Amino acid sequence: MVALCVVLSSFSSSCTPKLVNSGKYFTTAMIQRYNVLFQRITNSMSLRIGAGSGLPSKRVSCVRLVQPISITKEDAVRDVLTALSTIIDPDFGTDIVSCGFIKDLETDLSTGQVSFRLELTTPACPVKDMFEQQAKENVAAIKWVTKVNVTVSAQPSRPLVADGVPIGLQRVSNIIAVSSCKGGVGKSTVAVNLAYSLAGMGAKVGIFDADIYGPSLPTMVNPEQRVLQMVAETKSILPTEYLGVKLVSFGFADQGSAIMRGPMVSGVINQLLTTTEWGDLDYLVVDFPPGTGDIQLTLCQIVPLTAAVIVTTPQKLAFIDVAKGVRMFSKLKVPCVAVVENMCYFDADGKRYYPFGKGSGHQVVQQFGISHLFELPIRPELSAAGDNGIPEVVQNPQGEAANAFSSLGVCVVQQCAKLRQQVATAVTYEPSIRAIRVKIPGTQEEFFLHPATVRRNDRSAQSIDEWTGEQRLRYSDIPENIEPQIIRPLGNYAATITWPDGFNQIAPFDQLQALERLVDVPEPTNENIRPTTPILASKENTSEGQTSEHSGLTAAASLLTHAKALKAAKAT
């Protein structure tokens, strides 16, 4: 790379070109092109040094160069990443480089070109255009860069937790429950329009109608193929499609009315949902039936729900049933990310009227701490669109209802991304301090646990006799220096920890919160140091005073000694 001292800047009114100083870096190829241009100009006129230079006029045949300035490949990459690190993801609160969004970064020092790929968490990312524009501007501002090529992609569709997920759902990233626990509040309308809003944002979407007794999907959409097909070899179900969204409903099974008892219904739902070949999906919207019974529990247990959207109406009666549904999701560790209050108001004669009163949606938000509320107006067009088989967001994408569903879609995308990030990093191991870091999703609390404490408090049948409650796992069975090998999330409620002896421990977040915590824990470092274990917080524990088989000290005294050694090592 070389620095250009004088470049052609502009032409004056007399067509006399001026040369001015520039701090921009240019490649050798660019300098050669400028030399050709200047040679042509100097064949017919004189060039003057920029005003104020004090140098006499003279003809020049080429661009004057100062001493060459070299830059290495590593420096070029560092410049680009530094420029990109100023772009902050509003959902994660950190820069896009730390988020791991920058892929396939290439720099060509001979031409000054930079190319890279922005791999976002979802193709429906609402700020992807802003990211692309800022990335181009920031990198183009680097002195030696002449051209920036940016492509935007999304991470492959995959569930956060792959273990135990049915084969048909193993390429589905997020499963969204749309529930109300009250019939007639417009839940299916919200589910269908939310799905098509997400599809309009660029995501791959599917809809599962879980209402066996009264399926709504066959009325609200009008696919060309209205009967589900089965693959004879694999016994799997092929979903039907309408406008790019995959659809499965008992209404498409060509079985007539569902006259069956609860256990049979649960079996049908299980078969329809888990044996369908959904393929790659960013979002699967599940339209829950009313109630909090067997069907709802079956849905929550057979699939890892990412989040739930609650639908209600302004009436107090609707709030009572909706509150039951929110409590059900809370017990099952499914976060509710938004409340949709349907049929809130209508505008007429320049005024806004609330025929069913106010307050149900706000009451749900305030009582259960759900931070996002969306109010939908009473619109005959919205109802007519559902009856005609064309979703309102497709039929009138610029309308008031479509804008509300678009905002709901943005909220769902952002909250799902946050939840996946929180769950993925809820339980991690810090080797530099030999401690397990825990940050429960949805809370700001962060604490550290001793690995041996976590292992000793396993509550599975291998550690505790299920009939007598007798402790099978002895305190001395677990060494003080034990370290986890793999920690993976297990839904929204627990983590799976693999230990050196091959044991896979399921550690619910509630249980981890109740364990004895470490105090005076130093900040984790990237240095290759193997310090001893930090000190445990003082708390009554029946096993705390037992003697370790590896030393004559009690466990508490041994940990205190380790903590002092750790601080001494850090000080040096």
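Rules used throughout
Residues numbered from 1 in each chain as written. Predicted model: local features only at pLDDT ≥ 70, side-chain atom pairs only at ≥ 80, totals over all residues. Heavy atoms only, no water. Helix = DSSP H or I, 4+ residues; strand = E, 2+ residues; numbered from the N terminus. Buried < 20%, exposed > 50% of the residue type's maximum accessible area, 1.4 Å probe, protein only. Contact = heavy atoms within 4.5 Å. Areas by Shrake-Rupley, 256 points an atom, 1.4 Å probe, with all protein chains shown as cover. Axes fitted to C-alpha atoms, helices over the stretch in contact; angles between N-to-C directions. Parallel < 35°, antiparallel > 145°, perpendicular 65-115°, else oblique. Left-handed = near helix turned anticlockwise from the far one by under 90°. Nonpolar A, V, L, I, M, F, W, Y, C, P; charged D, E, K, R; others polar. Pairing = 2+ DSSP bridges. 1 Å grid on protein atoms, 1.4 Å probe; cavity = no way out; pocket = protein on both sides within 12 Å on 5 of 7 lines; lining within 4 Å. Points joined across faces, edges and corners; volume = space filled by probe spheres on them.

Caption draft 1: Main features of the overall build of the protein. Scanning the protein for helices and strands turns up 15 helices and 26 strands. Among the 572 residues that make up the protein, the fraction classed as buried is 46%. Residue pairs at least 24 apart in sequence account for 66% of intrachain contacts in the protein once pairs closer than 6 positions are excluded. Surface summary for the protein: the accessible area is close to 28200 Å², and the carbon and sulfur share equals 51%.

Caption draft 2: Local environment of the packing of helix H8 (residues 316-331) against helix H9 (residues 360-368). In the contact formed by H8 and H9, the axes pass within 10 Å of each other and the chain directions differ by 30°. Taken together, the axes of H8 and H9 are roughly parallel relative to one another. Relative to H9, the crossing made by H8 is right-handed. Between H8 and H9, the residues in contact are Phe319, Val322, Ala323, Val326 and Arg327 and Ser360, Gln363, Val364, Gln367 and Phe368, respectively. In terms of residue class, the contact of H8 with H9 is made up of 6 nonpolar, 3 polar and 1 charged.

Caption draft 3: The arrangement of the pairing of strand S7 (residues 113-120) in detail. As paired strands, strand S6 (residues 102-108) and S7 are joined by 5 bridges and run antiparallel to one another. Within S7, the residue paired with Lys103 across the bridge is Arg117. The hairpin turn running from S6 into S7, its antiparallel successor, is 4 residues long, and Gly112 in that turn takes a positive phi close to 80°. Bridge count for S7 against strand S8 (residues 147-154) is 8 bridges, and the pairing is parallel. Residue Leu120 lies in a different strand from S8, and its bridge partner there is Ala154.

Caption draft 4: Summary view of the sheet that holds strand S22 (residues 435-439). What the 3 strands build is an open sheet, ordered S21-S22-S23; its pairing is antiparallel. The sheet is open, and its two borders are formed by strand S21 (427-430) and strand S23 (446-449), each paired with just one other strand. Geometrically, the sheet is characterised by an average inter-axis angle of 30° between neighbouring strands, direction not taken into account. Looking at chain direction, S22 and S23 are connected through 4 bridges and run antiparallel.

Caption draft 5: View of the packing of helix H4 (residues 187-200) against helix H12 (residues 400-424). The N-to-C vectors of H4 and H12 enclose an angle of 75°; their axes lie 9 Å apart at closest approach. In terms of their interaxial angle, H4 and H12 are classed as roughly perpendicular. Every residue of H12 that contacts H4 at Thr189, Val190, Asn193, Leu194, Ser197 and Leu198 is listed here: Phe405, Ser406, Leu408, Gly409, Val412 and Val413. Grouping the constituent residues of the contact of H4 with H12 by class yields 7 nonpolar, 5 polar and no charged.

Caption draft 6: Focus on empty space enclosed by the protein. What the rule picks out here adds up to 3 cavities of 30 Å³ or more. Considered as a void within the structure, the largest cavity measures approximately 70 Å³ in volume. Residue contributions to the lining of the largest cavity peak at 3 residues, all from H12. In terms of residue class, the lining of the largest cavity is built from 9 nonpolar, 3 polar and 2 charged.

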